[in-house]
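Chain by chain, the residues run as shown.
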Amino acid sequence: MPVLPGNPPVEVHLRRSAQARRFSLRVSRLDGKVTLTLPQRARDSDAMGFLTAQEGWLRETLATMPEAAGERVGLGSLVPVEGVPLRLVQAATGRAVRVEGGALLVPGDPAQAGVRAGAWLKALARDRLAAASTRYAAQVGRGFTGLALRDTRSRWGSCSPDGRLMYSWRLILAPASVLDYVAAHEVAHLVEMNHSPAYWAVVGRIFPGWQRERAWLRSHGQDLHRLRFGD
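In this text the structure is predicted, and so the values were computed from the model without any measurement. (Residues numbered from 1 in each chain as written. Predicted model: local features only at pLDDT ≥ 70, side-chain atom pairs only at ≥ 80, totals over all residues. Heavy atoms only, no water.)

Draft legend 1. Region of the structure containing the overall build of the chain. Along the backbone of the chain there are six helices and 14 strands. By principal-axis analysis of the C-alpha atoms, the chain measures approximately 65 × 50 × 30 Å. Out of the 231 residues in the chain, the part that is buried amounts to 43%. Counting only contacts in the chain whose residues sit at least 6 apart along the sequence, the fraction spanning at least 24 positions is 48%. With the model as given, the accessible surface of the chain reaches about 12,400 Å², and the carbon-plus-sulfur share is 52%. When the 31 basic and 20 acidic side-chain charges of the chain are each reduced to a single mean position, those positions are 4 Å apart. (Helix = DSSP H or I, 4+ residues; strand = E, 2+ residues; numbered from the N terminus. Buried < 20%, exposed > 50% of the residue type's maximum accessible area, 1.4 Å probe, protein only. Contact = heavy atoms within 4.5 Å. Areas by Shrake-Rupley, 256 points an atom, 1.4 Å probe, with all protein chains shown as cover. Lys, Arg positive; Asp, Glu negative; His and termini not counted. Charge placed at Lys NZ, Arg CZ, Asp CG, Glu CD.)

Below, the structure written as structure tokens:
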């Protein structure tokens, strides 16, 4: 991991990409992580030259980052559920988390409202992603061997060579169509384990107009990581 010298020094994560045609520098709005993406065959010396040339912009951007990343969820918080903002409210009756009107009702200890809401969201995410994955797998005539949820920041989903699907549970916070797109994206890898034109043809067949949802994730995806549910 290269370090940009100075006061303070800045750690930079290098990411080589076969799709990259030029250098690009990104600062995560979530945690301030600096990532330099470069073409697969680019020289490290050229990458450092690019980084040095961008030092002014980089330090200015880092200086404007908020000190605390994330908002701890509790009673009164607004939480998007399938893209719809719901207010966390103490439930007067019942034992299960539930949606009523524009509220997410959480019973039990008020201090544990964020934790309970997070557990409910993860269970809902599993149900929605399992259903979407099964639906798209049937369309491509393939089966997946397992499904797991993680809280990953670097990717929204993945498909292993042996057919295991992994998703970020935070997709349940995004609009339902975005969750569906990611499921279609990963299931398409059951057919083509790459990002070739043939792969994107599969995605387009099972999820036409995928470009809109992909653009939504690129513009708003980092916001889904800002909520903290006590985990």
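Draft legend 2. Highlighting the sheet that holds strand β12 (residues 157–159). As summarised here, the arrangement of the three strands in space is β11-β13-β12, forming an open sheet in which the pairing is mixed. Across the chains shown, the open sheet's two edge strands, defined by having one partner strand only, are β11 (146–150) and β12. Recorded for the sheet is a direction-independent mean angle of 15° between the axes of neighbouring strands. Across five bridges, the pairing between β11 and strand β13 (residues 164–168) is parallel. (Pairing = 2+ DSSP bridges. Axes fitted to C-alpha atoms, helices over the stretch in contact; angles between N-to-C directions.)

Draft legend 3. Molecular detail of unusual backbone geometry. One non-glycine residue, Glu-82, lies in the positive phi region at around 50°. Of the residues examined, Glu-82 reaches a relative accessible area of 27% and is grouped as partly exposed.

Draft legend 4. Focus on helix α4 (residues 176–188). Here α4 is 13 residues long and its end C-alpha atoms lie 18 Å apart, about the 18 Å a rise of 1.5 Å per residue gives. Across the 13 residues of α4, 10 count as buried, placing the element largely inside the fold. When α4 is considered as a whole, its buried residues turn out to be Val-178, Leu-179, Tyr-181, Val-182, Ala-183, Ala-184, His-185, Glu-186, Val-187 and Ala-188. For α4, the secondary structure elements touched by its buried residues are α3 (113–140), β12, β13, α5 (197–206) and α6 (210–220). (Expected span 1.5 Å × (residues − 1).)

Draft legend 5. Local environment of the packing of α3 against α4. It is the contact of α3 with α4, at a shortest axis distance of 9 Å, that shows an interaxial angle of 45°. Relative to α4, α3 is oriented oblique. Crossing angle aside, the handedness with which α3 passes α4 is right-handed. The segment α3 lies against α4, with Arg-128, Leu-129, Ala-132, Ser-133, Arg-135, Tyr-136, Ala-137 and Val-140 engaging Leu-179, Asp-180, Ala-183, Ala-184 and Val-187. (Parallel < 35°, antiparallel > 145°, perpendicular 65-115°, else oblique. Left-handed = near helix turned anticlockwise from the far one by under 90°.)

Draft legend 6. Quick look at the packing of α4 against α5. Relative to each other, α4 and α5 sit at 140°, their axes nearing to 9 Å. The angle between α4 and α5 places the two elements in the oblique class. Between α4 and α5 lies a crossing whose hand is right-handed. Of the residues in α5, those touching α4 at Tyr-181, Ala-184, His-185 and Ala-188 are Tyr-199, Trp-200, Val-202, Val-203 and Ile-206. Looking at the contact of α4 with α5 residue by residue, the classes come out as eight nonpolar, one polar and no charged. (Nonpolar A, V, L, I, M, F, W, Y, C, P; charged D, E, K, R; others polar.)

Remember, this is a structural readout, not a statement about activity or role.
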